[in-house]
Amino acid sequence: MQRKGARGGGGTDDVEAVLDGLFTTPPSDFVARREQLAAAARTAGRDEDARRIHAARRPTLAAWAANLLLRSRPRESGQFLELGQALRKAHRELDPAAVRELSTQRRQIVAALSRQAAELALDAGHRLSDAVQNEVTATLQAVLADPEAADQWATGRLDGALTPPSDFPSGLAPRSAARRVPPRSTAPAPPARPAQEDELARRRREHRERLAQARRTAEAATRELHDRRAEHATAEGSAERAREARERAQQEVDEAEQRLRRTREALRAATRDERQAEEDHRTAAEALARAERDARQAGREVERLGRSPVK
């Protein structure tokens, strides 16, 4: 069931392995992991791989547990698929002894595998509720009863729980068996059913089909809602971080503007002080010059008086 021969270089096997791993990712992490893988494929120039990855639908919890069971228990899963083939063959061939024997195995194996799926889910951090556990059991029963369901589960990429057919009381015979023509016999043919019974059966079948389709539509809508909620939460987180970054930047701008205003005020004060100092310097220089002139004049007067003594 695990794909083999994955090659490097962006081959087809690579994206198949990526998808296999993606569908064993817990549903709570599925969308983020899917977008990460799709982005990596686009960056590597593998646009078609990116498209396929992005188109993967988020599985329900029951579908994820069933996928996890298939990937984690390949030997038991292979035997389970073989049991389904044998059981459907016994029903087609109307072999009561084989049906009884296989049905006993079926009940035991379904219960065991359902428990294993719950244990695997718990080990991965998700406890399955009783309702989800019942969906896992129903999926396994569908795999035994319906070859199409078996093929879907064998891919390991279920995105929703499977429902076993209800055409027969056992819930295990494939739908095609309802139209099986019995072998010719010398015994007289059973009497034909009244037309009203045929009409009632038809209406019930159509009702079951409409109900199954409505359930699939509801499941798809629920998955879409979960995806959109996850994307909205991611976008909301990004917007909040952007707002916080803008507020920090605005605060830094405000602080820088305040520092600039203080610096300009200090510059203006320093300019005024410089002008005042220059004016004081000029005044002091003029006073010094006058003092020097007065000193020279006084010196000359002293010298003159010294050369002319009083008589």
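You'll find the structure just up there.
So, how was this worked out
Think of each chain on its own: its residues are numbered from 1, step by step along the sequence as written. Given that this is a predicted model, residues contribute local features only at a pLDDT of at least 70 and side-chain atom pairs are listed and counted only at 80 or more, while totals for whole chains, interfaces and linings are drawn from all residues. Hydrogens and water are ignored here; the side-chain numbers use all heavy atoms of the structure. Secondary structure elements are defined from DSSP: runs of H or I of at least 4 residues count as helices, runs of E of at least 2 residues count as strands, and each element is numbered from the N terminus. The cut-offs for exposure are 20% and 50% of the maximum accessible area for each residue type, with area from a 1.4 Å probe on protein chains only; residues under the lower value are buried, those over the upper are exposed, and the others partly exposed. In this analysis, two residues are considered to be in contact whenever any of their non-hydrogen atoms come within 4.5 Å of each other. Note on areas: these come from Shrake-Rupley sampling with a 1.4 Å probe, and a residue is covered only by the protein chains present in the view. Nonpolar cores are built from buried Ala, Val, Leu, Ile, Met, Phe, Trp, Tyr and Cys residues. Side-chain atoms within 4.5 Å join them into one set. Any N or O atom pair separated by 3.5 Å or less is treated as a polar contact, with the protein-specific requirement of one donor-capable and one acceptor-capable atom, and with residues adjacent in sequence counted only for side-chain atom pairs. By convention, a stacked pair of Phe, Tyr or Trp rings (six-membered ring in the case of Trp) has centres within 6.5 Å and planes under 30 degrees apart, an edge-to-face pair has planes over 60 apart, and any other such pair is tilted. Working rule for helices: expected span equals 1.5 Å times residues minus one. Any Lys or Arg side-chain nitrogen found within 4 Å of a carboxyl oxygen on Asp or Glu counts as a salt bridge. The patch calculation keeps residues exceeding 30% relative accessible area without a salt bridge and links them within 9 Å when they carry like charges or within 5 Å when they are nonpolar (Val, Leu, Ile, Met, Phe, Trp, Tyr). Two residue types count as positive, namely Lys and Arg, and two as negative, namely Asp and Glu; His and chain ends fall outside the count. Positions of charges follow a simple convention, taking NZ of Lys, CZ of Arg, CG of Asp or CD of Glu. Our arc is simply the arc of the directions from the helix axis toward the C-beta atoms. Axes here refer to lines fitted to C-alpha atoms; in helices the fit is confined to the stretch in contact. Angles between the N-to-C directions go from 0 to 180 degrees. Oblique is the label for every angle not falling under 35 degrees (roughly parallel), over 145 degrees (roughly antiparallel), or within 65 to 115 degrees (roughly perpendicular). Lys, Arg, Asp and Glu make up the charged group, whereas Ala, Val, Leu, Ile, Met, Phe, Trp, Tyr, Cys and Pro make up the nonpolar group; the residues left over, Gly among them, are polar.

Draft legend 1. Local environment of the overall build of the chain. Of the regular secondary structure elements, the chain holds nine helices and zero strands. Secondary structure of the chain in N-to-C order comes out as α-α-α-α-α-α-α-α-α. Expressed as a percentage of the 311 residues in the chain, the buried residues total 27%. Considering only intrachain contacts with a sequence separation of at least 6, the fraction spanning at least 24 residues in the chain is 70%. Total accessible area computed for the chain in this model is approximately 20800 Å², and 52% of it derives from carbon and sulfur atoms.

Draft legend 2. Layout of the nonpolar core. Among the nonpolar cores identified, the biggest contains 30 residues, and L69, F80, L128, V136, L140, V143 and W153 are the most heavily contacted of them. Broken down by secondary-structure element, the contributors of at least two residues to this core are α4 (61-72), α5 (74-92), α6 (96-123), α7 (130-145) and α8 (147-154). Considering each element in turn, this core owes the most residues, eight residues, to α4. Excluding its chain neighbours within four sequence positions, the residues that come into contact with W153 are A66, N67, L69, L70, S77, F80, L81, L140, V143 and L158.

Draft legend 3. View of the side chain of R58. Its place among the elements puts R58 in the loop between α3 (47-54) and α4. In terms of polar contacts, R58 uses its side chain to reach the backbone carbonyl oxygen of P27, at 2.9 Å.

Draft legend 4. Looking closely at the environment of D151. Its location among the elements puts D151 in helix α8. Residue class for D151 comes out exposed when judged on its relative accessible area of 55%. The spatial distance from the C-alpha of D151 to the C-alpha of L81 is 9.1 Å, given a sequence separation of 70 residues.

Draft legend 5. Highlighting the packing of aromatic side chains. The tally for this structure, following the rule as stated, stands at two aromatic pairs. Ring centres of F80 and W153 lie 5.9 Å apart, and the angle between their planes is 85°; this geometry places the pair in the edge-to-face category. Here the residue F80 occupies a position in helix α5, and W153 occupies one in helix α8, the gap between them amounting to 73 residues. The two residues F80 and W153 agree in class, both being buried.

Draft legend 6. Representation of α4 in the model. The first and last C-alpha atoms of α4 sit 16 Å apart over 12 residues, in line with the 16 Å expected at 1.5 Å per residue. With respect to burial, α4 is a largely interior element, 10 of its 12 residues being buried. Considered for burial, the residues of α4 that qualify are A62, A63, W64, A65, A66, N67, L68, L69, L70 and R71.

Draft legend 7. Broad picture of the pattern of salt bridges. Inspection of every chain in the model, using the stated rule, returns 11 salt bridges. Across the pair D20 and R157 runs a salt bridge, and its minimum N-O distance is 3.1 Å. Taken as a pair, D20 in helix α1 (residues 12-22) and R157 in the loop between α8 and α9 (195-307) lie far apart in primary sequence, 137 residues in all. Judged by relative accessible area, which is 6%, D20 ranks as buried. With a closest N to O distance of 2.9 Å, R34 and E35 form a salt bridge. Within the structure, one salt-bridge network assembled from shared partners comprises E16, D20, R52, R71 and R157.

Draft legend 8. Structural view of a negative patch on the surface. Taken together, E252, D254, E255 and E257 make up a surface patch of like negative charges. Mapped onto the elements, E257 comes out in helix α9. For E257, a relative accessible area of 41% puts it in the partly exposed group.

Draft legend 9. Representation of α3 in the model. Within α3, the full set of buried residues consists of D49, A50 and I53. Here the buried residues of α3 occupy an arc of 100° about the axis, which is enough to place them on one side.

Draft legend 10. Main features of the packing of α5 against α8. The interhelical angle for the contact between α5 and α8, taken along N-to-C directions, is 170°, at an axis separation of 11 Å. When the interaxial angle is binned, α5 and α8 end up roughly antiparallel. In this structure, α5 contributes S77, F80, L81 and R88 to the contact, and α8 contributes P147, A150, W153 and A154. In terms of residue class, the contact of α5 with α8 is built from six nonpolar, one polar and one charged.

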